[in-house]
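Structural overview for review
Chain residues, written in single-letter form:
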Amino acid sequence: MKRQRPVSLVVHGGAWNIPDDEADAHRRGVLNALKAGWDLLRDGGTAVEAVERSINVMENDETFNAGRGSVLNAAGEIELDASIMEGKGLRAGGVAAVQNIANPISVARVIMEKSDIVLLVGLGATRFAKEHGIATCGQDALITGREISRWREAQASGTATPVSRKKAPGRSAPGGTVGAVALDADGTIASGTSTGGTPNKHQGRVGDSSLIGCGTYADNEIGGVSSTGGGEAIIRVVMAKSVIDMMRSNGDDPEQAAKDAIALLKKRTGGEGGVIVLNASGGVGTAFNTPRMARAFITSSIKGPIAAV
Ligand code: ASP
């Protein structure tokens, strides 16, 4: 019998202090996303398709801080960051501080596949989406009542200040960034990340999730990574690429690389967050130093999905 090439998929729905009464929704949300991506991968879909599909499911789920349900910036608006990368040709695409888009990961994918650009910001990103037939929407289609209340509270308590450069944002602030990493039957790894960013962020603030090497990285020779947590800290340790470099030198151990990267984040910046990792043969690693991280994975060598919050 011909041996099947391994396939794997791992997703996250953010690393933060997820309240007990929201844990079930997070578990369901990451499992739904995993199933949608896995159905594609199992039927021979590509890693890029699976990553986009899984992330779309979480962008459309108000539980998470991505797409509809994202946190508001200090001006009371939604500005979204997302990026995607495929590890065969090291192709990548991202959007930053984009408005009026429900599924920014899909815009990032079109940037990667249909242009020579890697990163588009703001109005230019929205315009690119329209030029490529991606529907835009009003802010009201993305803003939820939960986020309006959180924003009002933040404004009233005077925390509507730009993120301090000295201290990484505390993870008790609502998180819920989403990400996925897939290995397909052709041996291609893709990674993606999508977020509304940090609550009450300064208008125009861009976090790690748009940035290749920080929020997202994929290289078929080594593996793939998606990060979540305090973006300013993650950027400063170039987290996703740091995990890849650690795997390159530790004999391809994704779990150890994930742990070492989180330790580096803490040691050098005091930051908090989490990562999901695949190595080139589909081995899974996850690590976080927040109270919780919503996550789920499945591989061709295990019977069913594993989820935890
Ligand atoms: N990393 C995201 C950002 O800083 C936030 C998060 O993951 O919770 O924009």
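Look up: the structure comes first, before these words.
Residues numbered from 1 in each chain as written. Predicted model: local features only at pLDDT ≥ 70, side-chain atom pairs only at ≥ 80, totals over all residues. Heavy atoms only, no water.

1. Considering the overall build of the chain
Looking only at helices and strands, the chain features eight helices and twelve strands. Relative to a compact globule of 309 residues, whose C-alpha radius of gyration would be 19 Å, the chain shows 17 Å and is just as compact. Seen along its three principal axes, the alpha-carbon backbone of the chain occupies a region of about 65 × 45 × 35 Å. Within the span of the chain, comprising 309 residues, buried residues form 57% of the whole. (Helix = DSSP H or I, 4+ residues; strand = E, 2+ residues; numbered from the N terminus. Rg over C-alpha atoms; globule rule 2.2 N^0.38 Å. Buried < 20%, exposed > 50% of the residue type's maximum accessible area, 1.4 Å probe, protein only.)

2. Describing the nonpolar core
Core analysis: the biggest nonpolar cluster contains 48 residues, and Leu-9 and Val-11 have the highest contact counts within it. If we ignore the near neighbours within four places in the chain, the residues touching Val-11 are Val-30, Leu-34, Ser-54, Met-58, Gly-179, Ala-180, Ile-276, Ala-294, Arg-295 and Ala-296. (Core = buried A, V, L, I, M, F, W, Y, C linked by side-chain atoms within 4.5 Å. Contact = heavy atoms within 4.5 Å.)

3. With respect to the site of the ligand
Lining the immediate environment of the ligand, one finds eleven residues, of which Thr-177, Arg-205, Asp-208, Thr-228 and Gly-229 sit closest. At 2.7 Å, a side-chain N or O of Thr-228 approaches an oxygen atom of the ligand. At 2.7 Å, a backbone N or O of Gly-229 approaches a nitrogen atom of the ligand. A total of 270 Å² of accessible area belongs to the ligand in isolation, and the protein chains cover 100% of it. Looking at the shell around the ligand residue by residue, the classes come out as no nonpolar, eight polar and three charged. (Near = heavy atom within 4 Å. Polar contact = N/O pair within 3.5 Å; in protein donor to acceptor, adjacent residues only side chain to side chain. Areas by Shrake-Rupley, 256 points an atom, 1.4 Å probe, with all protein chains shown as cover. Nonpolar A, V, L, I, M, F, W, Y, C, P; charged D, E, K, R; others polar.)

4. Some words on the packing of helix H3 (residues 104-114) against helix H4 (residues 122-131)
Viewed as axis vectors pointing N to C, H3 and H4 meet at an angle of 75°, and their least axial separation amounts to 10 Å. When the axis of H3 is compared with that of H4, the two are roughly perpendicular. Across the interface between the two elements, Val-107, Val-110 and Ile-111 from H3 touch Ala-125, Phe-128 and Ala-129 from H4. Class assignment of the residues belonging to the contact of H3 with H4 gives a composition of six nonpolar, no polar and no charged. (Axes fitted to C-alpha atoms, helices over the stretch in contact; angles between N-to-C directions. Parallel < 35°, antiparallel > 145°, perpendicular 65-115°, else oblique.)

5. Structural notes on the pairing of strand E5 (residues 178-183)
Where burial is concerned, most of E5 is hidden: six out of the six residues are buried. Along E5, one buried face is formed by Val-178, Ala-180 and Ala-182 and the opposite face, lined by Gly-179, Val-181 and Leu-183, is buried too. Direction of pairing for strand E1 (residues 8-16) relative to E5: antiparallel, over a ladder of five bridges. Within the sheet, the bridge partner assigned to Val-10 lies in E5 and is Val-181. (Pairing = 2+ DSSP bridges.)

6. Describing the pattern of salt bridges
One pass over the full model with this rule turns up 14 salt bridges. Residue Asp-20 pairs with Arg-292 through a salt bridge whose shortest N-O separation is 3.1 Å. In this pair, Asp-20 sits in helix H1 (residues 20-42) while Arg-292 sits in strand E11 (residues 292-299), placing the two residues 272 residues apart along the sequence. Note that Glu-22 and Arg-150 form a salt bridge whose closest N and O atoms lie 3.9 Å from each other. Separated by 128 residues along the polypeptide, Glu-22 in helix H1 and Arg-150 in helix H5 (residues 145-156) bring together distant segments of the chain. Exposure remark for Arg-150: the relative accessible area of 23% places this residue in the partly exposed category. (Salt bridge = Lys/Arg side-chain N within 4 Å of Asp/Glu carboxyl O.)

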